[in-house]
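Summary of structural features
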Amino acid sequence: VQLQASGGGLVQAGGSLRLSCAASGRVYSGVTMTWFRQAPGKEREFVGGRFRNQNTYYADSVKGRFTISRDNSKNTMYLQMNSLEPEDTAVYYCAADQRLILSAMRSPQSYDYWGQGTLVTVSS
């Protein structure tokens, strides 16, 4: 499975961005696709994801502001980010795994496949 993330950029606080993550290769319909982010000097953290293409989960820090959706016909996952804050500045990564269990969803170490990352910068 190959993942291609795109859509990052520079935005002012309060603004919006939409990230995309296109998956290619042998992608099973029940794949879990998730967004992580990593700010300078910090560990990679869970943002949100769609578990086995069913239920969607979010980190508390983004709940109500970010929305994950998926276009199954394109094997593409989206991250709509609204009301962006300077604290959201990070490199955003998409990850996928075909056999993930729910309890492991928020751990970056659980994922077999990663995109290259896309930088989101939110200015104050």
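Described in the following lines is the structure provided in the data block. By convention here, each chain's residues receive numbers from 1 onward along its written sequence. Restriction of local features to residues with pLDDT of at least 70 applies here, the model being predicted, together with a cutoff of 80 or more for giving and counting side-chain atom pairs; totals for whole chains, interfaces and linings are based on all residues. Side-chain calculation: all heavy atoms of the structure are included, whereas hydrogens and water are not.

Observations regarding the overall build of the protein
Every helix listed is a DSSP run of H or I at least four residues long, and every strand listed is a run of E at least two residues long, numbered separately from the N terminus. Across its full length, the protein carries 0 helices and 11 strands. The linear arrangement of helices and strands in the protein, starting from the amino end, is β-β-β-β-β-β-β-β-β-β-β. To get the radius of gyration, use the C-alpha atoms; to get the globule rule, take the number of residues to the power 0.38 and multiply by 2.2 Å. For the protein, whose C-alpha radius of gyration is 13 Å, the value lies close to the compact-globule estimate of 14 Å for 124 residues. Dimensions of the protein along its principal axes, counting C-alpha atoms only, are 40 × 25 × 25 Å. Here, two residues are considered to be in contact whenever any of their heavy atoms come within 4.5 Å of each other. By sequence separation, contacts in the protein at least 24 residues apart represent 58% of the contacts at least 6 residues apart. As displayed, the protein offers around 6,400 Å² of accessible surface, 45% of which is attributable to carbon and sulfur atoms. Computed over 13 positive and 9 negative side-chain charges, the separation of the two mean positions in the protein equals 8 Å. Reported accessibility uses the Shrake-Rupley method at a 1.4 Å probe radius. Residues are deemed covered only where the shown protein chains occlude them. In summary, the charge assignment counts Lys and Arg as positive and Asp and Glu as negative, without counting His or the chain termini. To locate a charge, take atom NZ for lysine, CZ for arginine, CG for aspartate or CD for glutamate.

Points about the state of the cysteines
Count a disulfide wherever a pair of cysteine sulfur atoms falls within 2.5 Å. Under the definition given, this model contains 1 disulfide. Paired through a disulfide, C21 and C94 show a sulfur-sulfur distance of 2.2 Å. In this structure the cystine formed by C21 and C94 twists about its S-S bond by roughly 70°; its chirality is therefore right-handed. Taken together, the residues span a long stretch of sequence, with C21 in strand 3 (residues 17-24) and C94 in strand 9 (residues 90-97) at a distance of 73 residues. Relative accessibility under 20% of the residue-type maximum defines a buried residue, over 50% an exposed one, and the middle range a partly exposed one, all with a 1.4 Å probe and only protein chains included. By relative accessible area, C21 is classed as buried at 0%.

Comments concerning the sheet that holds strand 3
What holds strands together in a sheet is hydrogen bonding between their backbones, with the strands either parallel or antiparallel. A pair of strands is treated as paired once DSSP finds two or more bridges between them. Read from one edge of the open sheet, 4 strands run 1-3-8-7, paired in antiparallel fashion. Bordering the open sheet on either side are strand 1 (2-6) and strand 7 (66-71), each of which pairs with just one other strand. Strand-to-strand twist of the sheet, defined as the mean angle between neighbouring strand axes without regard to direction, takes the value 15°. Across 6 bridges, strand 7 lies against strand 8 (residues 76-81) in antiparallel orientation. When the sheet's bridge partners are listed, T67 is paired in strand 8 with Q80. Lines are fitted to the C-alpha atoms to define the axes, a helix being fitted only along its stretch in contact, and any angle between axes, read from their N-to-C directions, falls within 0 to 180 degrees.

Brief notes about the packing of aromatic side chains
Aromatic rings from Phe, Tyr and Trp, taking only the six-membered ring of Trp, are treated as a pair when their centres fall within 6.5 Å; an angle between ring planes under 30 degrees marks them as stacked, one over 60 as edge-to-face, and anything in between as tilted. What the rule picks out here adds up to 5 aromatic pairs. A ring pair is formed by F36 and F46, whose centres lie 6.0 Å apart and whose planes are at 75°; its orientation type is edge-to-face. In this pair, F36 sits in strand 4 (residues 32-38) while F46 sits in strand 5 (residues 45-51), placing the two residues 10 residues apart along the sequence. Both residues of the pair, F36 and F46, count as buried. Ring geometry for F36 against W114: centres 5.3 Å apart, planes inclined by 45°, an arrangement best described as tilted. In this pair, F36 is assigned in strand 4 and W114 in strand 10 (residues 113-114), connecting sequence segments 78 residues apart. Look at W114 and you get partly exposed, because its relative accessible area is 27%.

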